[in-house]
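Summary of the model geometry
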Amino acid sequence: MLTQTTTRVLEPSDLGAALAILESEPVANAFVTSRVQIAGLDPWRLGGEMWGWYADGRLRSLCYSGANLVPICATPEAVRAFADRARRAGRRCSSIVGPAEPTAQLWRLLESGWGPAREVRANQPLMVTESPSAEVTPDPLVRRIRKDEIELLMPACVAMFTEEVGISPLAGDGGLLYQARVAELVGAGRSFARVEDGKVVFKAEIGAATSQACQIQGVWVAPEYRGRGLSETGMAAVLRHALADVAPVVSLYVNDYNTPARKAYTRVGFREVGAFMSVLF
């Protein structure tokens, strides 16, 4: 018997079914889950469409299509359906990102029409922890950034983004959207830094956050302070806050070639549990 499949844009009434899929893999799906829990499935509030793939009338896989294209719990057949829809719509995202296997399949299907990519990061280890390591003492000078300190924080955020992504977040709209996101995290109490002599020398944010898992992002040490262990003690401090105030599981993903960072995160208490992949345009 043939399986009947279909793909469509989800509507607000599909929220319960979508959350059931998202919450089935709370760590891998934290980024999209956090957005959906706040904004629902209305495309205007969500900042993009949520595509659903159905088999025999049941929702099985998702794909978020906004600034990023993100396959979620996507089977190979669902990825093919999402790729067909993405190809017809044309590229509107700045990246494709998600669990490595379905993201790689999605990119193989889209590359001939959407390529070349500016960069492909095929293996970004996904790391998690439920408890900090006793090996690293948290930096007592790492603290939450206040709302009146956004101007102090912004140069470090811009430097981190430019170094990590390869382009400045100030391009295009002059950085208005990026500054709004930084302000959102600061306002939520999820931006942390060590400040010395009026300058941020270490920073990190708790980005995506749900009741089940959260994700640390934007880890950065000022170049002249690197090699002093600030990434380890600073991360230990942020991890302590994340576990105490946000979620019982903390995750992050890192480029596979960034050996020093992977070693630092391991020392702090993280372990590798999978891999993400990013395609940057």
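Residues numbered from 1 in each chain as written. Predicted model: local features only at pLDDT ≥ 70, side-chain atom pairs only at ≥ 80, totals over all residues. Heavy atoms only, no water.

Here's the deal with the pairing of strand E2 (residues 49–55)
Side-chain direction in a regular strand flips from residue to residue, so the side chains alternate between the two faces of the sheet. Burial runs high along E2: six of the seven residues are buried. Here strand E1 (residues 5–9) pairs with E2 via five bridges, running antiparallel. By the bridge assignment, Thr-5 is partnered in E2 with Ala-55. Strand direction decides the pairing type here: E2 and strand E3 (residues 58–65), joined by seven bridges, are antiparallel. Within the sheet, the bridge partner assigned to Tyr-54 lies in E3 and is Leu-59. Joining the antiparallel neighbours E2 and E3 is a turn of two residues, in which Asp-56 adopts a positive phi near 50°. (Buried < 20%, exposed > 50% of the residue type's maximum accessible area, 1.4 Å probe, protein only. Helix = DSSP H or I, 4+ residues; strand = E, 2+ residues; numbered from the N terminus. Pairing = 2+ DSSP bridges.)

Quick word on helix H9 (residues 259–268)
Inspection of H9 places Ala-261, Ala-264, Tyr-265 and Val-268 among the buried residues, and these make up the whole buried set. Axial view of H9: buried residues confined to an arc of 95°, hence all on one face. Buried-residue contacts for H9 involve strand E6 (119–129), strand E10 (214–221), helix H8 (230–245) and strand E11 (250–253). (Arc of directions from axis to C-beta. Contact = heavy atoms within 4.5 Å.)

Notes on the sheet that holds strand E4 (residues 68–72)
Two orientations exist for strands paired in a sheet by backbone hydrogen bonds: parallel and antiparallel. Taken together, the twelve strands give an open sheet; going across it, the order is E1-E2-E3-E4-E5-E12-E6-E11-E10-E9-E8-E7, and neighbouring strands pair in mixed fashion. Each having just a single partner strand, E1 and strand E7 (143–144) make up the two edges of the open sheet. Contacts from helix H1 (residues 15–22) reach E3 and E4 within the one sheet, and its direction differs from that of E3 by about 80°. Each of E6, E7, strand E8 (191–196), strand E9 (199–209), E10 and E11 is contacted by H8, which is oriented at about 35° to E9, the strand it contacts most. (Axes fitted to C-alpha atoms, helices over the stretch in contact; angles between N-to-C directions.)

Examining the pattern of salt bridges
One pass over the structure, following the stated rule, counts 18 salt bridges. Salt-bridge contacts for Arg-121 lead to Glu-164; the nearest nitrogen and oxygen are separated by 2.8 Å. In this pair, Arg-121 is assigned in strand E6 and Glu-164 in helix H6 (residues 150–165), connecting sequence segments 43 residues apart. We note a salt bridge from Arg-146 to Asp-148, for which the minimum N-O separation is 3.0 Å. For Asp-148, a relative accessible area of 62% gives the class exposed. Through salt bridges that share partners, Arg-143, Arg-146, Asp-148 and Glu-149 make up one connected network. (Salt bridge = Lys/Arg side-chain N within 4 Å of Asp/Glu carboxyl O.)

Coordinates in, geometry out; function isn't part of it.
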